[in-house]
Amino acid sequence: MLLLASKSPRRRELLGRLGVPFAVLDIDIPEVRTPGETPEAYVRRVARDKADAGWAVAPDGTSAVLASDTEVVLDDRVYGKPVDADDAAAMLRSLAGQTHEVLTAVALRSAAGTREVLVATTVTFDDLDDPAIAAYVATGEPMGKAGAYAIQGGAERFVTHLAGSYSGVMGLPLHATAQLLRAAGLMR
Ligand SMILES: Cc1cn([C@H]2C[C@H](O)[C@@H](COP(=O)(O)OP(=O)(O)OP(=O)(O)O)O2)c(=O)[nH]c1=O
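A brief structural summary. (Residues numbered from 1 in each chain as written. Predicted model: local features only at pLDDT ≥ 70, side-chain atom pairs only at ≥ 80, totals over all residues. Heavy atoms only, no water.)

1. A short note on the packing of aromatic side chains
Rule in force here: By convention, a stacked pair of Phe, Tyr or Trp rings (six-membered ring in the case of Trp) has centres within 6.5 Å and planes under 30 degrees apart, an edge-to-face pair has planes over 60 apart, and any other such pair is tilted. Each helix is a run of DSSP H or I of at least 4 residues and each strand a run of E of at least 2, with the numbering of both proceeding from the N terminus. The buried label applies to any residue whose accessible area, calculated with a 1.4 Å probe on protein chains only, is under 20% of its type's maximum; exposed applies above 50%, and partly exposed to all values in between.
According to the stated counting rule, one finds 3 aromatic pairs in the structure shown. With a centroid separation of 4.8 Å and an interplanar angle of 70°, the aromatic rings of phenylalanine 125 and tyrosine 149 are classed as edge-to-face. With a gap of 24 residues between them, phenylalanine 125 in strand 6 (residues 113-125) and tyrosine 149 in the loop between helix 4 (130-138) and strand 7 (159-163) connect regions that are remote in the sequence. Grouping residues by exposure puts phenylalanine 125 and tyrosine 149 together as buried. Pairing tyrosine 136 with phenylalanine 158 gives two aromatic rings, centres 5.2 Å apart and planes at 85°, and the pair type is edge-to-face. Residue tyrosine 136 is located in helix 4, and its partner phenylalanine 158 is located in the loop between helix 4 and strand 7; the two are separated by 22 residues in the primary sequence. Owing to a relative accessible area of 6%, tyrosine 136 belongs among the buried residues under this scheme. Through a chain of ring-to-ring contacts, the aromatic side chains of Phe125, Tyr136, Tyr149 and Phe158 assemble into a single cluster.

2. Some points on helix 3 (residues 85-95)
Quick note on the threshold: Arc, as used here, means the arc of the directions from the helix axis to the C-beta atoms. Polar contact is defined as a pair of N or O atoms within 3.5 Å, subject to the rule that within protein one atom must be able to donate a hydrogen and the other to accept it, and that residues adjacent in sequence are counted only when both atoms are side-chain atoms.
Taken together, the buried positions of helix 3 are Ala88, Ala89, Met91, Leu92 and Leu95. The buried side chains of helix 3 occupy one side of the element, clustering within an arc of 160° when seen end-on. If you check the start of helix 3, you find a side-chain oxygen 3.2 Å away from the backbone N of aspartate 86, and it comes from aspartate 84. The positive-phi residue at the C-terminal boundary of helix 3 is glycine 97, with phi of around 70°.

3. Considerations on the packing of helix 3 against helix 4
Heads up, the condition is: Orientation is described by axes fitted as lines to C-alpha atoms, over the contacting stretch for helices, and by angles from 0 to 180 degrees between their N-to-C directions. Each angle receives one of four descriptions, namely roughly parallel if under 35 degrees, roughly antiparallel if over 145, roughly perpendicular if within 65 to 115, and oblique otherwise. Handedness of a crossing is defined here by the sense of rotation of the near helix relative to the far one, left-handed for an anticlockwise turn of less than a right angle and right-handed for a clockwise turn. Any two residues whose heavy atoms approach within 4.5 Å at even a single point are treated as in contact. For this classification, Asp, Glu, Lys and Arg are treated as charged, while Ala, Val, Leu, Ile, Met, Phe, Trp, Tyr, Cys and Pro are nonpolar and the rest, including Gly, are polar.
The interhelical angle for the contact between helix 3 and helix 4, taken along N-to-C directions, is 135°, at an axis separation of 10 Å. Taken together, the axis directions place helix 3 and helix 4 in an arrangement best described as oblique. Here the hand of the crossing between helix 3 and helix 4 comes out right-handed. In this structure, helix 3 uses Ala85, Ala88, Ala89, Leu92 and Arg93 to contact helix 4, whose residues at the interface are Asp130, Ile133, Tyr136 and Val137. Tallied by class, residues from the contact of helix 3 with helix 4 come to 7 nonpolar, no polar and 2 charged.

4. Looking at the site of the ligand
Threshold: We call a residue near a given molecule or strand whenever any one of its heavy atoms falls within 4 Å of it. Here a cavity denotes grid points, spaced 1 Å and computed from the protein atoms alone, that fit a 1.4 Å probe unable to get out, and a pocket denotes an open set having protein on both sides within 12 Å along at least 5 of 7 lines; residues with an atom within 4 Å of a point are the lining. Cavity and pocket membership follows a simple rule, namely that a molecule belongs there if more than half of its atoms are within 2 Å of the grid points.
Residues in contact with the ligand amount to 19 residues; listed here are only the nearest, Ser6, Lys7, Arg11, Lys50 and Lys81. Residue lysine 50 places a side-chain N or O atom 2.5 Å away from an oxygen atom belonging to the ligand. The pocket occupied by the ligand, as judged from atoms lying within 2 Å of grid points, is the largest pocket. Among the elements of the structure, helix 1 (9-16), strand 3 (64-74) and helix 5 (166-170) are those that each provide at least two residues to the shell around the ligand. A per-class count over the shell around the ligand returns 6 nonpolar, 5 polar and 8 charged.

5. Quick word on the layout of surface pockets
The condition that has to hold: Grid points are joined across faces, edges and corners, and a volume is the space filled by probe spheres set on the points.
By volume, the largest pocket amounts to about 460 Å³. Those elements giving two or more residues to the lining of the largest pocket turn out to be helix 1, strand 3 and helix 5. Looking at the lining of the largest pocket element by element, the count peaks at 4 residues for strand 3.

Put into C-alpha cells, the structure is as follows:
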C-alpha cells in the first residue's frame, strides 16, 4: 500500500484525484532552514525528511511513502506557514504587487531508495491594500498555508498571473507526482 505522509487535507484531496489507493500517515518533522541552504535545497530536504520519517514508521507491506513540502519564495526569503495573524498580514504585504515563486518538492521513499522532484511555479499578485489584507487574514484561511494564502480559496482573486503547476501551489503537483509513481511502478 502507498502511504501519504501528510497532515494536509489538500494533499489528501489532490492525491485522491490520481486514482491510486493510499493510506495516510501523520508525521511531524521540524522545518528549519539551515544557514546557507538555498530555498530549492531546503524544500527538497524537507520533503525527503518527511518521506524518510514516514518510511521509518511505515507498517509491513508499505510499498512506498509519498511526502511533499511547499514554500513561498520572494527575493531569497522563504515564507512558510505564518505563526499568527500579524505574521500572515506581513507576509501578504510583502507578496502584494509582486511576483513570487512557489516551490513544492515531492519525495517518494521505497525499498529502492528515495526519489524526489521539485516543481516551481511563478505567481503574480495584484496590489493589496491594508483593508483587503486584514479582511483576508480575518477569514482565518492564511493559517497553515505557506505564504499565508490559499490559491484554492479566497486568494485566487489576488492572482493576476500564474505560470507552472496550480496543484503544485496547492501542495502536490499532480503531473510530477504521477511521473514519480509511474517510475516506481505504483501507477499505470
Ligand atoms: C501557497 C499555498 C499553500 N498551501 C498549503 C499547502 C501545504 O499544506 C501548506 C504548506 O505547508 P507544508 O509544510 O508544505 O505542509 P503541511 O505542514 O500543511 O502538511 P504536511 O503534513 O504534508 O507537512 O500550505 C495551500 O493550501 N494553498 C496555497 O495556495
